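# A structural walkthrough
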Amino acid sequence: MNNIGEIYDYIDKIAPFDTALSFDNVGLLIGERDINVSKVLLALDITKPVCEEAKNLGANLIISHHPIIFKPLKNIAFNGAVATLIKNDISAICAHTNLDIAEKGVNFQLAKKLGLSDLSILAFEENNPIGLLGYLEGEMTAKEFATLVKEKLGCESVRYTGTNKNIKKVAVCSGSGGSFIENAYEKSADAFVIGEIKHSDILKANEFCITIVDTGHYKSENVIIEPLKNMLSEKFPNINFFTSQTFSDEIHYL
């Protein structure tokens, strides 16, 4: 039987934890390496429903993208996610910015989902590659491209800005990547697919004549969960890996 330490070491190999950005908190955040594991649940975030889902599955490890402990805890509620994990002996491995920037990580999966080719790095932060650039098979209008993104990522809705310029070269940055608008401009990107963006960054993109497609944070990053599950399943055939069926950002559009 495999233990949590072996799973941690494999994730560390494909997305080294020491490459996480300095503000981040990643790794084995709850639990211990020598605990044996036969069922694992994967989710973008560890919420109370996700904890209950793991408990009902009989899983004693959750692997998430966003850290369950990000800032120092000032209190712990008995009915919250952290307490639920501890009371039920469920461990947590969190791979955040290290998984964003990994060779086959979040941004790669986002670019792959959109069908981009000839990928290159968008920018560097703390000497780590951030975001990617790639090319569509053919040119599209802003509306056509926004529709493509919506369909490929399964979004209920997307926000996009329209320009008169056709789109061929696309930048992607999962999550909050608005600070890299200038990098997209310097690399001659026609469009930038992003998880969330501030008003001031939208105005900057308009100035640069770059089409923005805002998918929402969840949709820009959930693309990693199924590929990560497949990689783990191949590496550890004796463990049953599950993707969460309960997690959602609960955002709806009218």
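Residues numbered from 1 in each chain as written. Predicted model: local features only at pLDDT ≥ 70, side-chain atom pairs only at ≥ 80, totals over all residues. Heavy atoms only, no water.

Moving on, we get to the overall build of the protein. Check the secondary structure of the protein and you find 10 helices and 11 strands. By the compact-globule yardstick of 18 Å for 254 residues, the protein fits well, its C-alpha radius of gyration being 19 Å. With the C-alpha coordinates aligned to their principal axes, the bounding extent of the protein is approximately 55 × 35 × 30 Å. For the protein, long-range pairs separated by at least 24 residues make up 66% of all intrachain contacts whose partners lie at least 6 apart in sequence. (Helix = DSSP H or I, 4+ residues; strand = E, 2+ residues; numbered from the N terminus. Rg over C-alpha atoms; globule rule 2.2 N^0.38 Å. Contact = heavy atoms within 4.5 Å.)

This brings us to the sheet that holds strand β11 (residues 240–243). Picture the strands of a sheet paired through backbone hydrogen bonds; they go either parallel or antiparallel. With mixed pairing, the five strands of this open sheet are ordered in space as β1-β4-β3-β2-β11. Looking along the sheet, the strands with just one partner apiece sit at the ends: β1 (27–30) and β11. Averaged over all adjacent pairs, the angle separating strand axes in this sheet is 25 degrees, with direction ignored. Relative to strand β4 (residues 91–94), strand β3 (residues 61–64) runs parallel, the two sharing four bridges. Residue pairing across strands places L61 opposite S91, the latter belonging to β4. (Pairing = 2+ DSSP bridges. Axes fitted to C-alpha atoms, helices over the stretch in contact; angles between N-to-C directions.)

Checked against the element boundaries, I90 lands in the loop between α3 (81–87) and β4. On the basis of relative accessible area, I90 is assigned to the buried category, the value being 2%. For the pair I90 and N79, spaced 11 residues apart in sequence, the C-alpha separation works out to 15 Å. Not counting chain neighbours up to four residues away, the residues in contact with I90 comprise I30, C51, A54, K55, A59, N60, L61, I62 and L85. (Buried < 20%, exposed > 50% of the residue type's maximum accessible area, 1.4 Å probe, protein only.)

Here we come to the state of the cysteines. Two cysteines joined by a covalent bond between their sulfur atoms form a disulfide. Within this structure, the stated rule accounts for zero disulfides. Lacking any disulfide linkage, C94 is separated from the closest cysteine sulfur, that of C51, by 10 Å. (Disulfide = S-S within 2.5 Å.)

Below, the discussion takes up unusual backbone geometry. At E126, a residue that is not glycine, the phi angle is positive and equals roughly 50 degrees. For E126, the location among the structural elements is in the loop between β5 (117–125) and β6 (128–140). You will see that C209, though not glycine, has its phi angle at about 60 degrees, which is positive. You can see C209 is positioned in the loop between α8 (199–207) and β10 (211–214).

Turning to α8, a few remarks are in order. Within the sequence span of α8, burial applies to D201, I202 and A205. When α8 is viewed along its axis, its buried side chains cluster within an angular range of 105 degrees and face the same direction. Of the exposed residues in α8, those oriented more than 90 degrees away from the buried face are H199 and E207. Structurally, α8 contributes buried residues whose contacts are with β7 (159–160), α7 (181–186) and β10. Just downstream of α8 lies C209, where phi reads positive at about 60 degrees. (Arc of directions from axis to C-beta.)

Within the fold, H96 resides in the loop between β4 and α4 (97–100). Looking at H96, its side chain comes within polar contact range of the side chain of D24, at 2.9 Å. Setting aside residues up to four positions removed in sequence, H96 forms contacts with D24, V26, H65, H66, P67 and F70. (Polar contact = N/O pair within 3.5 Å; in protein donor to acceptor, adjacent residues only side chain to side chain.)

Our next topic: the packing of aromatic side chains. Throughout the structure, instances matching the rule amount to five aromatic pairs. For the ring pair Y8 and F17, a centre distance of 4.5 Å and an interplane angle of 10 degrees mean the geometry is stacked. Taking 5.5 Å as the distance between ring centres and 75 degrees as the angle between the ring planes, the aromatic pair formed by Y218 and F247 counts as edge-to-face. With Y218 in helix α9 (residues 217–221) and F247 in the segment after β11, this residue pair connects regions lying 29 residues apart in the sequence. Each member of the pair, Y218 as well as F247, carries the same accessibility label: buried. (Phe/Tyr/Trp six-rings, centres within 6.5 Å; stacked < 30°, edge-to-face > 60°.)

Counting residues in each nonpolar core, the largest one holds 69 residues, and the members touching the most others are I7, I63, I68, F145 and L232. Of all the elements, helix α6 (residues 142–153) adds the most residues to this core, at six residues. Apart from the residues lying within four places of it in its own chain, the contact partners of I63 are I7, I11, V40, L41, L42, A43, I93, L228 and L232. (Core = buried A, V, L, I, M, F, W, Y, C linked by side-chain atoms within 4.5 Å.)

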